[in-house]
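Structure assessment
In case you want the letters, here they are:
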Amino acid sequence: MPPTNDPFYAGLGQALRIGTELLAALVVGGGLGWVLDAYLFASGPWGMVIGLVLGAVAGVRNAYRASQRWPKT
Amino acid sequence: MEENPLHPFELHNYISVSIGGLDISINKAVIMMWVVVALITVLMVAAASARRLVPGKLQSLAELLVDFIRAIIMDTMGKDGMRFFPLVATLFLFILFSNLLGLIPGAYTVTSQIIVTAAFAVMVYGLSLLMGFLIHGAKFLGILVPPGTPGWLLPLMVPIELISQLARPISLAVRLFANMTAGHVILGVLFGLAVSGGLLIGWLPFAFTIAMNGLELGIAFIQAYIFTVLTCVYLGDAFHLHGHEEHAH
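Residues numbered from 1 in each chain as written. Chains lettered and ligands numbered in written order. Predicted model: local features only at pLDDT ≥ 70, side-chain atom pairs only at ≥ 80, totals over all residues.

What about the overall build of chain A?
Definition in use: To qualify as a helix, a DSSP run of H or I must reach at least 4 residues; to qualify as a strand, a run of E must reach at least 2; elements of each kind are numbered from the N terminus. Here the contact rule is simple: place C-beta atoms from the backbone, and any two residues whose C-beta atoms are within 7 Å are in contact.
Counting its secondary structure elements, chain A contains two helices and zero strands. Taking all contacts inside chain A whose residues are at least 6 apart in sequence as the whole, residues at least 24 apart take part in 54%.

This is the structure:
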């Protein structure tokens, strides 16, 4: 019954997972930067710019990690 | 066919209930959740009531599911993860059954509401944080410092790790919600094309609808599986603290 032994579905699962992993970190990074800008420091766009860059880095790192530790494919 | 493909996801209250400003109205999603819970309970109780050495159909299905969840926990958390078995099994069964029942035409997919998936994700992530701080105390903050980081990189690595930690519940919630919603939108659009196309050309999108339904069955299972695996991984991170990366390959 579990189709997870099927390489097609295992690969599909991994692909779906890594896609959102990239996106979520970017959104969180940008969002954190924006919140710092808007509510704490009033520091123009710079918080969001730095946050987006850090978010992108974190996203790639997460995706890399996710592909490393996927159990038994 | 100018029907909005997102229309089936709108919820309308059947019975409006409000206690102290808290809106607990009964709508389609709530009823569907009850159906899912009732179905799982009936199925599992019926499967466990016979308890024969040579299992019948229902009992072997239940044993298959339990073995499957057990294998996920053992793979990701090891033996001490078994204390989370009830939580993980509940999450897996609930998500799996709501994904699968949602594929029945006319039924509602509970997991296509982001508030449902977000509640699960926040609960899982909050539990992993709580576990981490209970077991390791303040040392759990070391999860923000990957092992082997030179000191001068710390101002860069800590924000990156913080972001990647905060991204966990969001990616967990968005993944399940987005996959379920997107799948149903595609099915709805294809079926709309089939209906409006008539007999001459409508069979083509209709064939695609059938094919997509098969794929969606797989996706329903895969998404429940991914959510469960990640739940285990996050909980495992809380009490292994860096130990995970070495023996996970």
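Having seen the structure, we can now continue with the description.
Brief notes about the overall build of chain B
The number of helices and strands found in chain B is six helices and four strands. Along chain B, helices (α) and strands (β) appear in the sequence β-β-β-β-α-α-α-α-α-α when read from the amino end. In terms of principal-axis extent, the alpha carbons of chain B reach across some 70 × 55 × 45 Å. In chain B, of all internal contacts separated by at least 6 residues, the share reaching a separation of at least 24 is 63%.

Observations concerning the interface of chain A and chain B
For clarity, the threshold we go by: Gly falls in the polar group here, along with every residue not listed as nonpolar (Ala, Val, Leu, Ile, Met, Phe, Trp, Tyr, Cys, Pro) or charged (Asp, Glu, Lys, Arg).
Contact with chain A, which involves 26 residues of that partner, is made by 22 residues of chain B. Residue composition of the side of chain A that touches chain B, by class: 15 nonpolar, six polar and five charged.

So, the environment of Ala224(B)
Residues and elements named next belong to chain B. Inspection of the secondary structure puts alanine 224 in helix 5 (residues 154-240). It is 8.9 Å that separates the C-alpha atoms of alanine 224 and phenylalanine 97, two residues lying 127 residues apart in sequence. Ignoring any residue separated from it by four or fewer positions in sequence, one finds alanine 224 in contact with Phe92, Ile95, Leu96 and Asn99.

Brief notes about the nonpolar core
Rules: Each nonpolar core comprises buried Ala, Val, Leu, Ile, Met, Phe, Trp, Tyr and Cys residues, the members being joined through C-beta atoms within 7 Å. Residues with at least 20 other C-beta atoms within 10 Å of their own are called buried, those with 12 or fewer are called exposed, and the rest are partly exposed. The C-beta atoms themselves are positioned from the backbone.
Counting residues in hydrophobic clusters, the biggest one holds 53 residues, and the most contacted among them are Val28(A), Phe92(B) and Ile163(B). Those elements giving two or more residues to this core turn out to be helix 1 (7-41) and helix 2 (46-69) of chain A together with helix 2 (57-76), helix 3 (85-102), helix 4 (114-136) and helix 5 of chain B. Among the elements that take part in this core, helix 5 of chain B stands out by supplying 25 residues, more than any other.

Some remarks on helix 5 of chain B
All names here are of chain B. To be explicit about the condition: Between the first and last residue of a helix there are one fewer steps than residues, each counted as 1.5 Å, and that sum is the expected span. One axis is fitted to the seven residues ending at the residue and one to the seven starting there. The bend at that residue is the angle between these axes.
The first and last C-alpha atoms of helix 5 sit only 22 Å apart over 87 residues, clearly below the 129 Å expected at 1.5 Å per residue. The principal kink in helix 5, of about 160°, is found at glycine 198. After helix 5 finishes, the residue leucine 241 shows a positive phi value of roughly 50°.

Digging into the confidence of the model for chain B
Should the pLDDT be low somewhere, the predicted coordinates at that spot are not to be read in detail. Residues and elements named next belong to chain B. To keep things clear, this is the line we draw: A residue's pLDDT is the predictor's confidence in that residue, given on a scale from 0 to 100.
Taken residue by residue, chain B gives an average pLDDT of 84. The fraction at 70 or more is 96%. Within chain B, helix 6 (residues 243-246) has the poorest average pLDDT of any element, 47, and helix 3 the best, 92. Across residues 244-249, confidence stays below pLDDT 50; counting only partners more than four residues off in sequence or on other chains, it has three contacts. Scored as a whole, the predicted complex attains pTM 0.84, and scored at its interfaces, ipTM 0.77.

Digging into the environment of Thr181(B)
Residues and elements named next belong to chain B. Here threonine 181 is to be found in helix 5. In the structure, threonine 181 is positioned 157 residues away from isoleucine 24 in sequence and 23 Å away in space, judged by C-alpha atoms. Every residue in contact with threonine 181, bar those within four places of it in the chain, is listed here: Phe9 and Ser112.

Overview of helix 1 (residues 28-50) of chain B
With 23 residues, helix 1 of chain B should cover 33 Å at 1.5 Å per step; its first-to-last C-alpha distance of 34 Å lies within 8% of that length. Immediately downstream of helix 1 of chain B, the backbone of Arg51(B) shows phi near 50°, a positive value.

Comments concerning the environment of Lys79(B)
When you line up the elements, Lys79(B) lands in the loop between helix 2 and helix 3. Along the backbone, Lys79(B) and Ala47(B) are 32 residues apart, and their C-alpha atoms lie at a distance of 26 Å.

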